[in-house]
Amino acid sequence: MANEFPQVLTIAGVDSDGSAGAQADLHSFFMRGTYGTLVLTAAVAGNSYGIHDSMVMPGAFIDHQFDDLAADLHIRAAKTGMLADSAIINTVVKNLKKYDFGPLVLDPVISTKHGNMLLETEAFETLKSELIPLAFVITPNFYEAEHLTGLKLDSDDAIKEAAHLIHDMGAQNVMIKGRHDSDDQKVVRDYILLADGKEFWLEGPYFPTTRKNGTGDSLSAVITSELAKGQDIESAIRIAKAFVDKAIENEIPVGHKFGPINHWANDLQKPQY
């Protein structure tokens, strides 16, 4: 019968070198046995050396993509990626309220893993006030959590406080990804606060490599796939953490500088439907 296969959605931009954005999401969906769809928000011209140009999709075109998916497919879970400005965020919010695409995994593309802001002030405030309350789970990196809360995350207690503040903004479940920007470190520690009040740390090895593009995209995409297949949120997060760690550990030689992670290091999982 139609639409029995688990289908998922990424609302994101595309990178011309395929290392991050929607391409990383689609690779992850495939490797976790779900059928990936896309609402395109932006296109980026770039390579392993950097980003050199970008183009934002018109709001009407974004609306039409949502309309067409809702008219034909059964999206069981969705995630967001790059939402370039306040107008796009408002358009996405409007459509997520209009259509039921299952639980929303919010990957808040606010800043880089080194702390550089990617959203201007108006878009940042719109994301906080309009999009976070729709999130079933939000996955900010260390610096994004600092921007969202205004806290300096210089201790475990500060990270825990930040997670509770983000939860109070409306996100049901919170995963604050640990810092991974120093070759002196040995581990990466993520902090998770679940809707039922359970909280815990996830620890994985730090890999000193420049091939980490698409890490955050892939983590949130795997969570999305697992939710679509019926996993509970804790299991989905744990599976995603292990998936990304393995993809970083097993490098592939693509590009000259900052390359992609290796999704193919993970065995293809048989779809459950």
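What counts and how
- Residues numbered from 1 in each chain as written.
- Predicted model: local features only at pLDDT ≥ 70, side-chain atom pairs only at ≥ 80, totals over all residues.
- Heavy atoms only, no water.
- Salt bridge = Lys/Arg side-chain N within 4 Å of Asp/Glu carboxyl O.
- Buried < 20%, exposed > 50% of the residue type's maximum accessible area, 1.4 Å probe, protein only.
- Phe/Tyr/Trp six-rings, centres within 6.5 Å; stacked < 30°, edge-to-face > 60°.
- Helix = DSSP H or I, 4+ residues; strand = E, 2+ residues; numbered from the N terminus.
- Axes fitted to C-alpha atoms, helices over the stretch in contact; angles between N-to-C directions.
- Parallel < 35°, antiparallel > 145°, perpendicular 65-115°, else oblique.
- Left-handed = near helix turned anticlockwise from the far one by under 90°.
- Contact = heavy atoms within 4.5 Å.
- Nonpolar A, V, L, I, M, F, W, Y, C, P; charged D, E, K, R; others polar.
- Core = buried A, V, L, I, M, F, W, Y, C linked by side-chain atoms within 4.5 Å.

A.B. asks: Help me understand the pattern of salt bridges, please; the structure alone is not making it clear to me.
C.D. replies: Pairing between side chains of opposite charge can happen when the charged atoms of each approach one another. Under the counting rule described, the total for this entry stands at 10 salt bridges. Here E226 ties to K229 by a salt bridge, and the two come within 3.2 Å at their closest N and O atoms. Side by side, E226 and K229 carry an identical accessibility label, which is buried. A single salt-bridge network, built from bridges that share partners, covers R32, E226 and K229.

A.B. asks: Looking at this model, I keep getting lost on the packing of aromatic side chains. Mind explaining?
C.D. replies: To describe a pair of aromatic rings, one takes the distance between the centres and the angle between the planes. Per the stated rule, a full pass over the model turns up 4 aromatic pairs. Relative to F101, the ring of F66 has its centre 6.1 Å away and its plane inclined at 10°; by these criteria the two rings are stacked. Placement of the pair is F66 in helix 2 (residues 59-72) and F101 in the loop between helix 3 (86-98) and strand 5 (104-106), with a sequence separation of 35 residues. By the burial criterion, F66 is buried, and F101 matches it. Connected via pairs of aromatic rings, a cluster forms that spans F66, Y99 and F101.

A.B. asks: How do you make sense of the packing of helix 7 (residues 215-228) against helix 8 (residues 233-249) when you look at a structure like this?
C.D. replies: The packing of two helices is summarised by the inter-axis angle and the distance between the axes. Taken N-terminus to C-terminus, the directions of helix 7 and helix 8 make an angle of 140°; their axes are 8 Å apart at the nearest point. Classified by the interaxial angle, the pair formed by helix 7 and helix 8 is oblique. Helix-helix and strand crossings are classified by hand; for helix 7 and helix 8 the assignment is right-handed. For the pair helix 7 and helix 8, contact is made by T215, S218, L219, V222, I223, E226 and L227 and by I233, A236, I237, I239, A240, K241, F243, V244 and I248, respectively. Grouping the amino acids of the contact of helix 7 with helix 8 by side-chain chemistry returns 12 nonpolar, 2 polar and 2 charged.

A.B. asks: In this structure, what is going on with the nonpolar core? I would like to understand it.
C.D. replies: One recurring pattern in soluble globular proteins: nonpolar side chains tend to sit buried together. If you look at the biggest cluster of nonpolar residues, it comprises 44 residues, and the most contacted ones within it are L9, F66 and L131. Among residues more than four places away in sequence, those in contact with L9 are F29, T37, L38, V39, F66, L69, I75, A77, A78, K79 and F101. Membership of the second largest hydrophobic core comes to 27 residues, among which are A77, A240, A247 and I248.

A.B. asks: Mind showing me how you'd approach the environment of L83 here?
C.D. replies: Relative to the helices and strands, L83 is located in the loop between strand 4 (75-80) and helix 3. What L83 contacts, discounting residues up to four positions off in sequence, is I11, T41, I88, I89, V92, L119 and L131.

A.B. asks: Can you walk me through the side chain of S28 in this structure?
C.D. replies: Take S28: it is sitting in helix 1 (residues 21-31). Ignoring sequence-local partners within four residues, the contact set of S28 consists of S218, A221, V222, S225, F243 and H263.

A.B. asks: Got a minute to help me understand unusual backbone geometry in this structure?
C.D. replies: A negative phi holds for most residues other than glycine; trans holds for most peptide bonds. For N3, which is not a glycine, the phi torsion comes out positive at approximately 70°. Examined against the element boundaries, N3 turns out to sit in the segment before strand 1 (7-15).

A.B. asks: Can you walk me through the packing of helix 5 (residues 142-149) against helix 6 (residues 156-168) in this structure?
C.D. replies: Put simply, helix 5 and helix 6 touch, their axes get as near as 10 Å, and they point 60° apart. Classified by the angle their axes make, helix 5 and helix 6 are oblique. Helix 5 and helix 6 meet at a crossing whose hand is left-handed. Across the interface between the two elements, A145, L148 and T149 from helix 5 touch A162, L165 and I166 from helix 6. Of the residues assigned to the contact of helix 5 with helix 6, the class counts are 5 nonpolar, 1 polar and no charged.

A.B. asks: Can you help me understand the environment of A84 in this one?
C.D. replies: Inspection of the secondary structure assignment puts A84 in the loop between strand 4 and helix 3. Judged by relative accessible area, which is 26%, A84 ranks as partly exposed. When the C-alpha atoms of A84 and A70 are compared, they prove to be 23 Å apart, with 14 residues separating the residues in sequence. Sequence-distant contacts of A84, that is, excluding residues within four places in its chain, are made with V56 and L119.

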